[in-house]
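Descriptive analysis of the structure
Chain by chain, the residues run as shown.
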Amino acid sequence: MMQNRSEALKICIVFAVLLTLVIVALSLNRPTSELPGDISDTILSNDPVYSEISSAVSVDISLDNSDSQSGETSQDEPQAFPAFKVDEEVKANYLVLYDATGDRFLYERNPDRRCYPASITKLLTALTACDYLKISDVVTVGNEVNMIGAGSSTAYLQVGFQLTFEQLMDSMMIVSGNDAAYVMAVWAGRKILGTERGSIDKALNAFVEKMNEKAQQLGMTSTHFTNPDGYHDDNHYTTPRDLVILCKAALKNRIIVSSCSKKEARYNIVSGQAVNYKSTNSFLINYEYATGLKTGTTNEAGFCLAASANKDGRELIAIIIGSDTTSSRFAYASEMFDIAYGLT
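Residues numbered from 1 in each chain as written. Predicted model: local features only at pLDDT ≥ 70, side-chain atom pairs only at ≥ 80, totals over all residues. Heavy atoms only, no water.

**Considerations on the overall build of the protein**
Put simply, the rule reads: Secondary structure elements follow DSSP: runs of H or I of four or more residues count as helices, runs of E of two or more count as strands, with numbering from the N terminus. Throughout, exposure labels follow a simple rule: accessible area from a 1.4 Å probe, protein chains only, divided by the maximum for the residue type, with under 20% read as buried, over 50% as exposed, and the rest as partly exposed. Here the accessible surface of atoms and residues is derived via Shrake-Rupley with a 1.4 Å probe, and residues count as covered only by protein chains that are part of the display.
On a plain count of helices and strands, the protein comes out with 12 helices and nine strands. The buried share of the protein, taken over its 344 residues, is 43%. For the protein, the exposed area adds up to about 18,200 Å²; of that, 51% sits on carbon and sulfur atoms.

Below, the structure written as structure tokens:
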């Protein structure tokens, strides 16, 4: 009897253990969506309804990210510039096309070789003078106008004429007057020397020294100038890359930009003489998006142009040195800008 009871007890214990194991196993296999307080319930659920919602959310998120990344890529990774078009169409010894808005060079041809800048020099003359003269300053033309070289372009300034600094800037930039460049240099040079009636030569030397200091400050490390107008001198040189730096600085100067963007000017100067200036820059006159800047020509430099344009807020700068004709430099600038703006 006692033996039968012992056997029965063992069976009950075994059955109880097995029942406990079954209960534990069932508990472990319960769906996670039934666990309270888990914010990831609907995402992780195997329920068919929740699975469809989860898939839809996942697809939407991936599409949104894809659109966002695609937009960023198109803006941050500019398209390659079709350099072959410039190679085929633009014939000049030195050539640079620079995207000032994107801060990158789009095209380069001999960008770091020495070249002669001709009257593009006057951009540095203007920048340097702006450090010493105010827009309303009245300048009197002196004998420095007789220092210009043979065959120079002039604004027909004569000794005794009086102009504001702004009018003098027009005389130098619009018609590329070498006489205006010397007047500006001597007057600013006297400011540098601290005298109103100093030697013309000393004032001129002081100014040219400041021009070269200005060039170095701007980062034009391959530039050396000997005069304010760009008249040829073997020791008066720069590089196309340095000229881009110069143009960038000039485009930040309100007085310079104002004069360089004028197609013509008609007014009476302070001393009463009437002036009628028409820009030497045909690119400025004929290209829709042109904003400046400066022409230049000497036998040694060839036909030169520092051109700027702005379309839809995108500013471009082109440096063309050694073009074969006066008209080709303007055509080349237009062609390069059209290519860069996707107009051709």
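Moving on from the model shown.
**Regarding the layout of surface pockets**
For clarity, the threshold we go by: Cavity: a set of points on a 1 Å grid over the protein atoms alone where a 1.4 Å probe fits but cannot get out. Pocket: an open set with protein on both sides within 12 Å along at least five of seven lines, its lining residues, like those of a cavity, having an atom within 4 Å of a point. Grid points are joined across faces, edges and corners, and a volume is the space filled by probe spheres set on the points. Nonpolar residues are Ala, Val, Leu, Ile, Met, Phe, Trp, Tyr, Cys and Pro. Charged residues are Asp, Glu, Lys and Arg, and all others, Gly as well, are polar.
By volume, the largest pocket is sized at about 380 Å³. Ser 119, Gly 151, Ser 153, Thr 297 and Thr 298 are the residues nearest the centre of the largest pocket, which is lined by 21 residues in total. Residue classes in the lining of the largest pocket are distributed as four nonpolar, 14 polar and three charged.

**Structural notes on the sheet that holds strand β9 (residues 314-323)**
Note the following rule: Two strands form a pair only when DSSP identifies at least two bridges running between them. Note on geometry: axes are lines fitted to C-alpha atoms, helical ones only across the stretch in contact, with angles between N-to-C directions running from 0 to 180 degrees.
The five strands lie next to each other as β2-β1-β9-β8-β7, forming an open sheet whose pairing is antiparallel. Every interior strand has two partners, whereas the edge strands, β2 (104-109) and β7 (290-298), have only one. Geometrically, the sheet is characterised by an average inter-axis angle of 5° between neighbouring strands, direction not taken into account. Taken together, the five bridges between strand β1 (residues 92-99) and β2 define a ladder with antiparallel strand orientation. Note on β2: the bridge partner recorded for Leu 97 is Tyr 107.

**Regarding empty space enclosed by the protein**
Per the counting criterion, the structure on display carries two cavities of 30 Å³ or more. Roughly 50 Å³ of internal volume is contained in the largest cavity. Of all the elements in the fold, those that place two or more residues in the lining of the largest cavity are α10 (254-260) and β7. At three residues, the largest contribution of residues to the lining of the largest cavity is made by β7. Partitioning the lining of the largest cavity into residue classes produces five nonpolar, five polar and two charged. Its volume calculated, the second largest cavity comes out at about 30 Å³. Every residue along the wall of the second largest cavity is listed here: Tyr 116, Pro 117, Ala 118, Gly 230, Tyr 231, His 232, Asp 233, His 236, Thr 298 and Ala 301. In terms of residue class, the lining of the second largest cavity is made up of five nonpolar, four polar and one charged.

**Structural notes on helix α12 (residues 326-340)**
Rule in force here: Given the number of residues in a helix, its expected span is that number minus one, multiplied by 1.5 Å.
If you check α12, its first and last C-alpha atoms are 22 Å apart, about what 15 residues at 1.5 Å a residue would give, namely 21 Å. If you check which residues of α12 are buried, you get Ser 328, Arg 329, Phe 330, Tyr 332, Ala 333, Ser 334, Met 336, Phe 337, Ile 339 and Ala 340. Positive phi shows up at Gly 342, right after α12, with a value of about 70°.

**Quick look at the packing of helix α5 (residues 122-129) against helix α9 (residues 240-250)**
Our working rule: When describing relative orientation, an angle under 35 degrees is termed roughly parallel and one over 145 degrees roughly antiparallel, while 65 to 115 degrees is termed roughly perpendicular and anything else oblique. Take the far helix as your reference; a near helix turned counterclockwise from it by less than a right angle gives a left-handed crossing, and one turned clockwise gives a right-handed crossing. Should any heavy atoms of two residues lie within 4.5 Å, those residues are counted as being in contact.
The contact between α5 and α9 brings their axes to 10 Å, and the two run at 45°. One way to sum up the angle between α5 and α9 is to call them oblique. You can see that α5 and α9 cross each other, and the crossing is left-handed. On the side of α5, the interface is formed by Leu 123, Leu 124 and Leu 127, while α9 contributes Leu 246, Cys 247, Ala 249 and Ala 250. Of the residues in the contact of α5 with α9, the class split is seven nonpolar, no polar and no charged.

**Considerations on the state of the cysteines**
Just so we agree on the cut-off: Note on disulfides: each one is a pair of cysteine sulfur atoms within 2.5 Å.
Tallying each qualifying case throughout the model produces zero disulfides. Free of any disulfide, Cys 115 has its nearest cysteine sulfur in Cys 304, 7.4 Å distant. For Cys 304, a relative accessible area of 0% puts it in the buried group.

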